[in-house]
Amino acid sequence: MPDVALLIDWENVYYTLRQHTTGPLPSTLSILQAILQKAAEFGPVRVKLAIFGQEVATQDDTLLMSLEFTGMEPIAVAQRMSGRLLKGRSDAVLITRALKLLYKDRQDIDYWFIVSGDRDLNALCKAIKDEDKHVYLIAGDKSLANELRDSPYLRDDVFLLEDLIPQARWTRAALRADDTQVDKPQPPAEALRRTPQRRGRVPVRARTEPHVPAVVPTASPESDKEQRRLAVLLLDQLVALHARAMSRGDFVTSVVPLSEKEASSVLEQRIDAGVEQGTVLAKLEGRARAKAKQMLAPNMSAPLVAETIFHLVRVLRRIDTVTSKDTRRIPAVEAVLDPLSRADQPGGLARGRSQRRLLLETLFSIAEERGAIQTEQVERDGRQITMCWLAEGHPLVVYARQPAASIVHLFNFVASTRPKGERIDWVNHALFAELLSRVEGDALESTMRRAVERGVMRAEEHGKKSGFVIDQGHEEVRTVLGEFDRLNGEARPAPASPSGEVAALPAPTAASPVEAAPISADAAAVPRKRTRRGRRGGRGRRGSGLGPKKAATGEAAD
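My aim in this report is to walk through the structure given alongside it, one point at a time.

What counts and what doesn't
- Residue indices follow the written sequence of each chain, beginning from 1 at its first position.
- Only residues with pLDDT of at least 70 get local features here, since the model is predicted, and only at 80 or more are side-chain atom pairs given and counted; chain-wide, interface and lining totals rely on the full set of residues.
- Remark: hydrogens and water are excluded; side-chain values derive from all non-hydrogen atoms of the structure.
- Strand pairing is assigned whenever DSSP identifies at least 2 bridges connecting the two strands.
- For helices the rule is a DSSP run of H or I covering at least 4 residues; for strands it is a run of E covering at least 2, with both sets numbered from the N terminus onward.
- Within this document, salt bridges are pairs made up of a side-chain nitrogen of Lys or Arg and a carboxyl oxygen of Asp or Glu, the two lying within 4 Å of each other.
- Burial classes: relative accessible area under 20% of the type maximum marks a residue as buried, over 50% as exposed, and values in between as partly exposed (1.4 Å probe, protein chains only).
- Two rings from Phe, Tyr or Trp (for Trp, the six-membered ring) form a pair when their centres are within 6.5 Å of each other. A pair whose planes differ by under 30 degrees is stacked, one over 60 is edge-to-face, and the rest are tilted.
- Geometrically, a charge over a ring is one whose NZ (Lys) or CZ (Arg) sits within 6 Å of the ring centre while staying within 35 degrees of the ring normal.
- By definition here, a helix of n residues has an expected span of 1.5 Å times n minus one.
- Axis lines are fitted through C-alpha atoms, for helices just across the contact stretch, and the angle between N-to-C directions can take any value from 0 to 180 degrees.
- Working rule for angles: under 35 degrees goes down as roughly parallel, over 145 as roughly antiparallel, 65 to 115 as roughly perpendicular, anything else as oblique.
- We call two residues contacting when some pair of their heavy atoms lies within 4.5 Å.
- Here the term charged refers only to Asp, Glu, Lys and Arg, the term nonpolar to Ala, Val, Leu, Ile, Met, Phe, Trp, Tyr, Cys and Pro, and the term polar to all other amino acids, Gly among them.

**Examining the sheet that holds strand β13 (residues 373-380)**
Where strands meet in a sheet, backbone hydrogen bonds hold them as pairs that are either parallel or antiparallel. Read from one edge of the open sheet, three strands run β12-β14-β13, paired in antiparallel fashion. This sheet does not close on itself; its edge strands, each paired only once, are β12 (330-331) and β13. With two bridges joining them, β12 and strand β14 (residues 383-390) adopt antiparallel strand pairing. Across the sheet, the residue bridging to Pro-331 is Met-387, located in β14.

Rendered as structure tokens:
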């Protein structure tokens, strides 16, 4: 597939939404992902630039966070000089960067997406077309210049923001039709998109939305950011299915649409890196040898996974605690990210408040992408503030609302940060107040007291310090740390493979990072079927060097 370059004049998008919509706006992340997904229909997006003025960045408090999560290169442009507000500087920067890519840096790019409707881009579009490249525009219907709209020689097609972002309340109901594309051949991806499907042939697949767009993974497969995202994706699927593990093929097809082959290969690379680094547990059951039959589960004892899920639960429970019947939507930055980033934590991979803040922003964006957190932008005092709330019934929300979720993951996270030889099932009493006081609020003491009453943990002093010890065998602890089939209140027996082995892959606990979680009694009662190892090796088999009598004698001697 040909490479794609995407250049966004964010000021044009921002002010188009501000001027031609009513009510709250969609979140910045959802707008960027809608634009990225449209560009990804034509090929892998290799260049992603977003040009914006500093005035816009100060008004939208989640812009930089969304750009970092989607892997877009932010290019800030100074808009004030000697106290005066300058306009049109973003267009000049966009044209300069595009021409440099066209003639010098990336001459191999065939498809260009320009997100702007200003008439200043006429010369740029003509220069790209003169190089036998394809040019596509993304703009609002009211902000698209007539020169770009009426001349098919300056661009191949125009995609309207009104179509890409239908959730926004656009003030104009009827859009002007683009009649310049009549009888014009369409690209294969676009022709496929506009081809009507036959009735009665609608494929049925479970949990296909929301999915992972091909353009979201931006860093290397081994990076912490991609591995954290993989852990949340895997947790989301397992909790939704109430399963301890799922096959690799089912996981890939349930997260990524089958039509996006590059997205599937990208996800496969992340899984391979996770298995190699130990953040993902992969096991082949029975006689299966195909890679797609690997049973996957997050390794809860891995430091990166333990830290990721602990802070994810903190974010979700913080929103759940602050929102109430009177306050159903809260500011994402002021009420969630800022309070949680002030807490100090012992060790961990994210060291320092700046790194912890970046981690919280990344997890917030991941939860928003998966649909667990709903967001919208409202205007207050001339600024765009992102309001957030939880999606009722979402698997991650249900998981985070488990009574012992925050406490169990606190123990698991602290255990992953301690060096070998130290006690890993004991947590200082002060850490509960430091890391969970802003999460649980006034209910922290009652939450801890009920956890002690249910037997999840017990009070115990370590030296002269008071603290608590967790019961690793408790049913709630095992449920939160990997036995997700118990989330519905009762554990279902794990399905047995044709060879008699248990198909579920239990996640290891914090108390024993190497050993797996105990298998249920029903699963343990299944006898293991003897399988023939082959023609080589083993006593009494051909090639072992011992005949049947000698082999029997040898076995008796042993």
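After that view, the rundown keeps rolling.
**Focus: the pattern of salt bridges**
For the structure shown, the criterion picks out 33 salt bridges. Here Arg-106 makes a salt bridge to Asp-108, at a shortest N to O gap of 3.1 Å. On the accessibility criterion, Arg-106 (23% relative accessible area) is partly exposed. Classification of Asp-108 by relative accessible area gives partly exposed; the value is 44%. Between Asp-344 and Arg-353 there is a salt bridge, with its nearest N and O atoms 3.5 Å apart. For Arg-353, a relative accessible area of 46% translates into the label partly exposed. Here the salt bridges share partners, and the residues they tie into one network are Arg-244, Glu-475, Arg-478, Glu-483, Asp-485 and Arg-486.

**Brief notes about the packing of aromatic side chains**
The geometry of an aromatic ring pair comes down to the distance between the two centres and the angle between the two planes. As enumerated under the stated definition, the model contains 13 aromatic pairs in all. Each ring, one from Tyr-111 and one from Tyr-136, has its centre 6.0 Å from the other, and the planes form 5°; the classification is stacked. Of this pair, Tyr-111 sits in strand β6 (residues 111-115) while Tyr-136 sits in strand β7 (residues 134-139), and the two are 25 residues apart along the sequence. In this structure Tyr-136 comes out as buried when scored by relative accessible area, which is 3%. Members of the aromatic cluster, connected to one another through ring pairs, are Phe-42, Tyr-111, Phe-113, Tyr-136 and Phe-159. When the ring centre of Trp-389 is taken as origin, the NZ or CZ atom of Arg-329, which lies over that ring, is 3.9 Å away.

**As for helix α17 (residues 405-417)**
When the terminal C-alpha atoms of α17 are compared, their 19 Å separation across 13 residues agrees well with the 18 Å that a helix rising 1.5 Å per residue should span. Among all positions in α17, only Ala-405, Ser-406, Ile-407, Val-408, His-409, Leu-410, Phe-411, Asn-412, Phe-413, Val-414, Ala-415 and Ser-416 are buried.

**Examining the packing of helix α10 (residues 224-241) against helix α11 (residues 248-255)**
At their nearest, the axes of α10 and α11 sit 11 Å apart, and the two run at 100° to each other. Classified by the interaxial angle, the pair formed by α10 and α11 is roughly perpendicular. Residues Leu-230, Leu-233, Leu-234 and Gln-237 of α10 touch α11, and the partners they reach there are Phe-251, Ser-254 and Val-255. Of the residues assigned to the contact of α10 with α11, the class counts are five nonpolar, two polar and no charged.

**Here's the deal with the pairing of strand β11 (residues 295-298)**
Of the two faces of β11, the one holding Met-295 and Ala-297 and the one holding Leu-296 and Pro-298 are both buried throughout. The pairing of strand β9 (residues 246-247) with β11 spans two bridges and is antiparallel. Residue pairing in the sheet places Ser-247 in a bridge with Met-295 of β11. Sheet topology places strand β10 (residues 280-283) next to β11; four bridges connect them, and they run antiparallel. Counted as the bridge partner of Lys-283 is Met-295 from β11.

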